[in-house]
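# Architecture and fold: a report
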Amino acid sequence: MCLGIPGQILDISDREQQLAIVDIGGVRRPVNIACIVDDDHPLQDCIGEWVLVHVGFAMNRIDPDEAQQTLDLLEEMAAVHATIASTDANLAATARP
Amino acid sequence: MKYVQEFRDPQKAQGLLHEIKGLGEQLTQDHPGPIKIMEVCGGHTHSIFKYGLESLLPSSIELVHGPGCPVCIMPKGRLDDAIAIAQQPHVILTTFGDVMRVPGSQQSLLQAKAEGADIRMVYSPLDALKLARENPDREVAFFAIGFETTAPSTALTVLQAQREGITNFSLFCNHVLVVPALEALLSNPDLQLDGFIGPGHVSMVIGARPYQVIAERYGKPVAIAGFEPLDILQSLWMVLRQLAEGRCEVENQYTRLVNHDGNAVALDALAKVFTVREQFEWRGLGDIPASGFKMHPNYSQFDAEAKFTLPHQRVADHKACACGEILQGVKKPWECKVFGTACTPEHPIGACMVSSEGACAAYYKYGAAQAPQPSEALAKSR
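Residues numbered from 1 in each chain as written. Chains lettered and ligands numbered in written order. Predicted model: local features only at pLDDT ≥ 70, side-chain atom pairs only at ≥ 80, totals over all residues. Heavy atoms only, no water.

## Let's talk about the overall build of chain A
Scanning chain A from terminus to terminus reveals one helix and five strands. Helices and strands in chain A line up, N terminus first, as β-β-β-β-β-α. Rg of the C-alpha trace for chain A: 22 Å, well past the compact-globule value of 13 Å for 97 residues, more than 25% over. With respect to the principal axes defined by its C-alpha atoms, chain A has extents near 80 × 25 × 20 Å. (Helix = DSSP H or I, 4+ residues; strand = E, 2+ residues; numbered from the N terminus. Rg over C-alpha atoms; globule rule 2.2 N^0.38 Å.)

In structure tokens form, the structure reads like this:
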């Protein structure tokens, strides 16, 4: 019920009703974008932005910088884990008679 | 698919799993039993089973499945009310597909439809409004369910109906609120929890701020999480790290979508169109104070509860059904007498088996015998 799907805004299709055409995994759908439009983010500036679509509404913008930071942190943790695993393997090999 | 695939990378999961295992061992040294973390949202429950995450975790960590599936917690009496609306002349009742098979006291919406009621599934509340626009001689009611993720879409649809002067559209409002439900759970002395994975898409609307009460008053750490496997594992790691460091805060894993204060436009629509009910009945959990929305008096012309005469009956849950305890996390689905025997997804007795986000349906579908190997589950998702 609370699941949403990322999509990219391609065009504004109805300014009056704040409807946009959004590409959601290759399917183009009309989506209401009222929740992401305000004085700082006028309708026209939304084109190209990534949003989270839920029951026909774009509920929020997806922040690309924040997404990258999360992925960078996970990458770093994976790298540290790989280093520890390989050090452990080397130590085990060295300790073997 | 962007913002999806990169959060399913099995390589990146390895570092997290290593950290989770280490923290689990550290935390259970002087702790009786596993560390219990509740994922509140049914969407998280579904993802956890779909990607086999539970089987990747060490035995020191136990995930407890919470009450965050709005289909599961809808009481039978409210379903009966929805059917009563649909059975009135000239009415088209609209709702989301996952509500159709939920059993009421006598029948489900799907059975009522088979018997001739005009009940239609819609993808968005805007589709229901479109039906009202196209059928001016009919009354179109939208059976609205969902937490704060879904409530803004119905509120915005009502505002749209008002702008267009549409008078044959109404909302049967059954929207529920996450934080009061968590507070009700935390008041149950039988529930032993160490922390929470917070619902990402509810939080996209309400922000991280409303969970502070969980950390401050109830002393439980919270990490708000996205829905991809890495999101869930990272948030679990964040809760465990808080426990290990003796901290108790609200942390936000899902920063790409959730901020501290939520979405102002969505919150404004909620405040305009809805008001908080004194209490709302949850299936299996009973009455929870201030846990649901009803229509604001300013919008009573769009209120199905004012427009139609409804039975408003309270109907007890099936005696054998343990949905209540399962929704509270005090029982696992396999501990219910009818799980997988009298109660299956094809013939559900309790609502936890109806919705794909229900704990019982998840256990049934991805049960131990059929569960894919963890590494396969992650690899397949790429």
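## So, the environment of B:C360
Residues and elements named next belong to chain B. Among the structural elements, C360 can be located in helix α15 (residues 359-365). Along the chain, C360 and C41 lie 319 residues apart, while their C-alpha atoms are 14 Å from each other. Here C360 is in contact with I326, P333, F339, C352 and M353, once residues within four sequence places are set aside. (Contact = heavy atoms within 4.5 Å.)

## Here we look at the interface of chain A and chain B
Taken together, the contacts link 38 residues of chain A with 52 residues of chain B. Along the contact surface separating chain A from chain B lie one salt bridge. Residues A:E75 and B:K12 are paired through a salt bridge, measuring 3.5 Å at the closest nitrogen-oxygen approach. Where chain A packs against chain B, one counts 12 residue pairs in polar contact (both at pLDDT 80 or more). (Salt bridge = Lys/Arg side-chain N within 4 Å of Asp/Glu carboxyl O. Polar contact = N/O pair within 3.5 Å; in protein donor to acceptor, adjacent residues only side chain to side chain.)

## Remarks on the layout of surface pockets
One number sums up the size of the largest pocket: a volume of about 660 Å³. Elements with a contribution of two residues or more to the lining of the largest pocket: β1 (5-14) and β4 (50-54) of chain A together with α2 (42-50) of chain B. Its residues placed into classes, the lining of the largest pocket shows 18 nonpolar, six polar and eight charged. Taken as a whole, the second largest pocket encloses approximately 370 Å³ of empty space. Around the second largest pocket, the lining is made up of 18 residues, and of these A:N60, A:R61, B:N259, B:G262 and B:N263 lie nearest the centre. Where the lining of the second largest pocket is concerned, the elements lending two or more residues are β5 (57-61) of chain A together with α12 (264-273) of chain B. The residue makeup of the lining of the second largest pocket, split by class, is eight nonpolar, six polar and four charged. (1 Å grid on protein atoms, 1.4 Å probe; cavity = no way out; pocket = protein on both sides within 12 Å on 5 of 7 lines; lining within 4 Å. Points joined across faces, edges and corners; volume = space filled by probe spheres on them. Nonpolar A, V, L, I, M, F, W, Y, C, P; charged D, E, K, R; others polar.)

## Quick look at the confidence of the model for chain A
Of the residues in chain A, 98% reach a pLDDT of 70 or more, and the chain-wide mean stands at 92. Taking the mean pLDDT of every element in chain A, the minimum, 89, falls on helix α1 (residues 64-95) of chain A and the maximum, 98, on β4(A). (pLDDT = per-residue confidence, 0-100.)

## Side note on the domain arrangement of chain B
All names here are of chain B. According to the domain assignment, chain B contains domain 1 (4-14 + 33-62 + 179-254), domain 2 (76-177 + 261-307) and domain 3 (323-366). Taken together, the 12 residues of domain 1 in the interface contact 16 residues of domain 2. Each partner contributes to the roughly 1,000 Å² buried at the junction of domain 1 and domain 2, and carbon and sulfur atoms together form 68% of this total. When the area that domain 1 buries against domain 2 is broken down by residue, the three leading residues are P180, V202 and V205, summing to 46%. Put simply, domain 1 and domain 2 have one salt bridge between them. On the surface where domain 1 and domain 2 come into contact, there are three residue pairs in polar contact (both at pLDDT 80 or more). Of all elements in the fold, only α8 (178-186) and α9 (200-206) reach the threshold of two or more residues within the side of domain 1 that touches domain 2. Per-element accounting of the side of domain 1 that touches domain 2 gives the leading share, six residues, to α9. When the residues that make up the side of domain 1 that touches domain 2 are grouped by side-chain class, the tally is eight nonpolar, three polar and one charged. (Domains from an automatic or database assignment. Buried area = accessible area lost by both parts, 1.4 Å probe.)

## A word on the packing of aromatic side chains
One pass over the full model with this rule turns up nine aromatic pairs over all chains. The interplanar angle of 70° and the centroid separation of 5.5 Å between the aromatic rings of A:W50 and B:Y3 together place this pair among those described as edge-to-face. Separated into two different chains, A:W50 in strand β4 and B:Y3 in the segment before α1 (10-27) make up a pair that spans both. Look at A:W50 and you get buried, because its relative accessible area is 18%. Residue classification places B:Y3 among the buried positions, given a relative accessible area of 6%. Taking the centre distance of 5.4 Å and the plane angle of 65° together, the rings of B:W334 and B:Y363 count as edge-to-face. (Phe/Tyr/Trp six-rings, centres within 6.5 Å; stacked < 30°, edge-to-face > 60°. Buried < 20%, exposed > 50% of the residue type's maximum accessible area, 1.4 Å probe, protein only.)

## Details of the pattern of salt bridges
Side chains carrying opposite charge are able to pair once their charged atoms draw close together. All names here are of chain B. Tallied over the entire structure, the rule returns 23 salt bridges over all chains. Where D118 meets R138, a salt bridge forms, and the shortest distance between an N and an O atom there is 2.8 Å. On the criterion of sequence distance, the pair formed by D118 in the loop between α5 (109-114) and β4 (119-121) and R138 in the loop between α6 (125-134) and β5 (139-146) is long-range, its members being 20 residues apart. One salt bridge in this structure joins D231 and R256, with 2.8 Å as the shortest N-O distance. Pair noted here: D231 is in helix α11 (residues 229-244) and R256 is in the loop between β9 (250-252) and α12, with a separation of 25 residues, a long-range link. With respect to burial, D231 and R256 carry one shared label: buried. Here the salt bridges do not stand alone but share partners, grouping R241, E245, R247, E249 and E251 into one network.

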